[in-house]
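Each chain is listed here by its residues.
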Amino acid sequence: YTFKREEERPDLVSLIRPLGVIFMCEAKKSLVELYNNSSEQTLAKHVEVTNNLATELGDAVPGWSKKEASSTIIPTLLWCTDEDSKPTSDEVSKLFRAFSAELQGGGYDGPMVLVGLEVIRDSEMKLSTRSYVYHDGGNTGLVGALATFLSGVQSVECEVHALTDD
């Protein structure tokens, strides 16, 4: 898929062929920028971009097989941190509950399975990742496959959370 010059686009699109999913990423330098820096605007824009691309990929896309074009889009947030300023679990959960609400209010009709990718820089400037999978309780096969896949990506760990407050 080729984006038009003036078209809004995600910061990162990653086709994960073995799982039949596409990570549609909005990325910021920190979690705070995703949530506190015009978060409603940032999250709303990402929902709009996700919905638009889902529609575009539903049609035949030059250079993509029908199977690739029908991959499940996974709304994804990516942020960076260092070992001393990692966000708390509550901060991450708050962001994903807000993101889920924005998706539901913005007409998103895909599975409510969301991915978070946290890039962690250590004191030696080495990078590692922590992954998060948030879901609404459904799509357990997809959630498990994502957790397994993400745990194998040079990851510190992969946490799986329900989007409920319980």
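The shown structure was predicted, so the numbers you read here are calculated from the model rather than taken from an experiment.

Digging into the nonpolar core
Leu77, Trp79, Phe96, Phe99 and Leu114 are the most contacted members of the largest nonpolar core, which totals 17 residues. Of all the secondary-structure elements, those providing two or more residues to this core are helix 1 (31-35), helix 2 (39-58), strand 3 (72-82), helix 4 (89-105) and strand 5 (127-135). Considering every element that reaches this core, the biggest residue donor is helix 4, with 5 residues. Non-local contacts of Leu114, meaning those with residues more than four positions away in its chain, are made with Ile74, Pro75, Phe96, Phe99, Ser100, Leu103, Tyr132, Val133, Tyr134 and Leu163. Core analysis: the next-biggest nonpolar cluster, separate from the first, contains 14 residues, Ile16, Phe23, Ile74 and Leu150 among them.

Section: the environment of Val119
One can find Val119 in strand 4 (residues 113-121). For the pair Val119 and Arg130, spaced 11 residues apart in the sequence, the C-alpha separation amounts to 6.7 Å. Not counting residues within four places of it along the chain, the set of residues in contact with Val119 comprises Trp79, Cys80, Thr81, Leu127, Ser128 and Thr129.

Side note on unusual backbone geometry
In this structure, Asn139 takes a positive phi of about 55° despite not being glycine. Mapped onto the secondary structure, Asn139 falls in the loop between strand 5 and helix 5 (140-151).

Some words on the pairing of strand 4
Counting buried residues along strand 4, 8 of its 9 residues qualify, which places the element largely inside the surrounding structure. As judged from the 7 bridges shared by strand 3 and strand 4, these two strands associate in the parallel manner. Bridging across to strand 4, Thr81 finds its partner in Ile120. Handedness of the crossover joining strand 3 and strand 4 through helix 4: right-handed. Here strand 4 runs beside strand 5; their pairing, made up of 9 bridges, is antiparallel. Bridged to Val115 within strand 5 is Val133. The antiparallel pairing of strand 4 with strand 5 creates a hairpin that spans 5 residues between the two strands, and Met125 there sits at a positive phi of about 65°.

What to know about the packing of aromatic side chains
Under the criterion given, the structure shown has 4 aromatic pairs. Plain terms: the ring middles of Trp79 and Phe96 are 6.3 Å apart, the flat faces sit at 55° to each other, and that makes the pair tilted. You can see Trp79 sitting in strand 3 and its partner Phe96 sitting in helix 4, a full 17 residues away along the chain. Each member of the pair, Trp79 together with Phe96, is buried. Consider the rings of Trp79 and Tyr132, whose centres lie 5.8 Å apart with planes at 25°: the pair is stacked. One end of the pair, Trp79, is in strand 3; the other, Tyr132, is in strand 5, with 53 residues separating them in the sequence. Judged by its relative accessible area of 0%, Trp79 is buried. Tyr132 sits in the buried class, given a relative accessible area of 4%. Taken together, the aromatic side chains of Trp79, Phe96, Phe99, Tyr132 and Tyr134 make up a single cluster linked through ring pairs.

What counts and how
- Residues numbered from 1 in each chain as written.
- Predicted model: local features only at pLDDT ≥ 70, side-chain atom pairs only at ≥ 80, totals over all residues.
- Heavy atoms only, no water.
- Core = buried A, V, L, I, M, F, W, Y, C linked by side-chain atoms within 4.5 Å.
- Buried < 20%, exposed > 50% of the residue type's maximum accessible area, 1.4 Å probe, protein only.
- Helix = DSSP H or I, 4+ residues; strand = E, 2+ residues; numbered from the N terminus.
- Contact = heavy atoms within 4.5 Å.
- Pairing = 2+ DSSP bridges.
- Right-handed = clockwise from strand over helix to strand, strands pointing away.
- Phe/Tyr/Trp six-rings, centres within 6.5 Å; stacked < 30°, edge-to-face > 60°.

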